[in-house]
Amino acid sequence: MPERHEKLAQALGLITALAATRAGLTIAEMQADLGCGRRTVERLLAAIRQACGDIEEVPTDQPEKRWRMRPSRLVATIRMTPEEIAEVEAAARRLVDDGLPARAATLRSAANKLRASMDDAARRRAEPDVEALLAAEGLAARPGPRVAVPPGVIETLRQALLASHLVRLDYLTPQGVARQHVLEPYGLLYGARPYLLAVKPGKADVAVWRLDRMRGLADTGQAFAPRPGFDIPTLMKDSFGIWREPPMQVVLRFTGTAAQDALDWRFHATQVAEPQPDGALILRFSAGGIEEMAAHLAQWGAMVEVLSPERLRSRMAQMGEALVKSHATRIDSASVRS
């Protein structure tokens, strides 16, 4: 990259960083972000002041000064591309297809704000391209069943999560009996079925709560002090799915076409893939969640073998035996009737 272009890229990166921070950045933090020396940062700041004139010092009780730029200056400097706007619109459509209209509305609001940041001429040029991209990439609704979440549940939970407020709800047992609970909410888990990660006040451990079983959910307005380490990455780091169990060493062997397919899957953050000379694949990771592992691995059929742990291997065998027993009985009965 020519030197003048590199300097322009550094200046634009610094403008973005200064506009995106509320607390401001120190000279040392700017150096780390840009990977350059102090004198380079100071020259860039001087150039930005001359061009934009809106860098301000953030009041702080720390000895090192912090600087920021009002985000409004960013509008005149950075232009949104049709691809970026189309990606936000596409994500909103996927959320609607997944039964999450409130989250889709939030994304569409963001897309509208992005459009608002463009001048009229740029917006007129971009709109046909956005529509063309969305039409060309044609998002298909995800087929198959999905869980229906009662209206307002996700919106209420998100507000309570942001404010660290206790929530009160009636929770349906598998038998359909409603029982009232008060919970400290810590996060939402989205997948085939959405869950709330929450703790009962006075209890020590977190549990998962199905959103589709919640009734009469309300934000109590009562604040609680979040517990240290009770965040989704920390709580779920040892889990294969949403169920929290002590981690175990898992070793899988994929054969046939599944060996190549498995390389494209991220089973767990700790996974290590070991291609074998015979074309098979050995996959190792450490996680808990026997039931979810077994359910997921079942789709690979005979092309995956559980080498360890024995618990997972036994569970897979039990699932297979139960399926054979149930369906073989029905097939035999149908043969007799015919």
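Since the structure is predicted, the reported quantities are computational estimates derived from the model, not experimental observations. (Residues numbered from 1 in each chain as written. Predicted model: local features only at pLDDT ≥ 70, side-chain atom pairs only at ≥ 80, totals over all residues. Heavy atoms only, no water.)

Caption draft 1: Focus on the sheet that holds strand β3 (residues 165-172). The sheet built from five strands is open, its strands ordered β6-β5-β4-β3-β7 with antiparallel pairing. If you trace the sheet from one side to the other, it starts and ends with β6 (207-210) and β7 (214-223), each paired once. Within the sheet, the average angular offset between the axes of one strand and its neighbour, ignoring direction, is 50°. The strands touched by helix α8 (residues 153-163) are β3, β4 (178-189), β5 (195-199) and β7; relative to β7, the strand with the most contacts, the crossing angle is about 20°. (Pairing = 2+ DSSP bridges. Helix = DSSP H or I, 4+ residues; strand = E, 2+ residues; numbered from the N terminus. Axes fitted to C-alpha atoms, helices over the stretch in contact; angles between N-to-C directions. Contact = heavy atoms within 4.5 Å.)

Caption draft 2: Layout of the packing of aromatic side chains. Under the criterion given, the structure shown has eight aromatic pairs. Taken together, a centroid distance of 5.0 Å and an interplanar angle of 80° make the contact between Y171 and W209 edge-to-face. Of this pair, Y171 sits in strand β3 while W209 sits in strand β6, and the two are 38 residues apart along the sequence. Using a relative accessible area of 10% as the deciding quantity, one classes W209 as buried. Relative to W300, the ring of W265 lies with its centre 5.7 Å away and its plane at 70°, an arrangement referred to as edge-to-face. Here W300 lies in the loop between α11 (290-297) and β11 (304-308) and W265 lies in the loop between α10 (257-263) and β9 (272-275), a separation of 35 residues in the sequence. (Phe/Tyr/Trp six-rings, centres within 6.5 Å; stacked < 30°, edge-to-face > 60°. Buried < 20%, exposed > 50% of the residue type's maximum accessible area, 1.4 Å probe, protein only.)

Caption draft 3: Highlighting the sheet that holds β9. The antiparallel open sheet is built from four strands, whose spatial order is β9-β10-β8-β11. Each edge of the open sheet carries a strand with a single partner, namely β9 and β11. The mean inter-strand angle of the sheet, taken between neighbouring strand axes irrespective of direction, is 25°. The pairing of strand β8 (residues 248-254) with strand β10 (residues 281-287) spans seven bridges and is classified as antiparallel. Each residue of the ladder has a partner; that of M248, found in β10, is A287. Along the sheet face, α11 touches β8, β10 and β11 and points at about 5° away from the line of β8.

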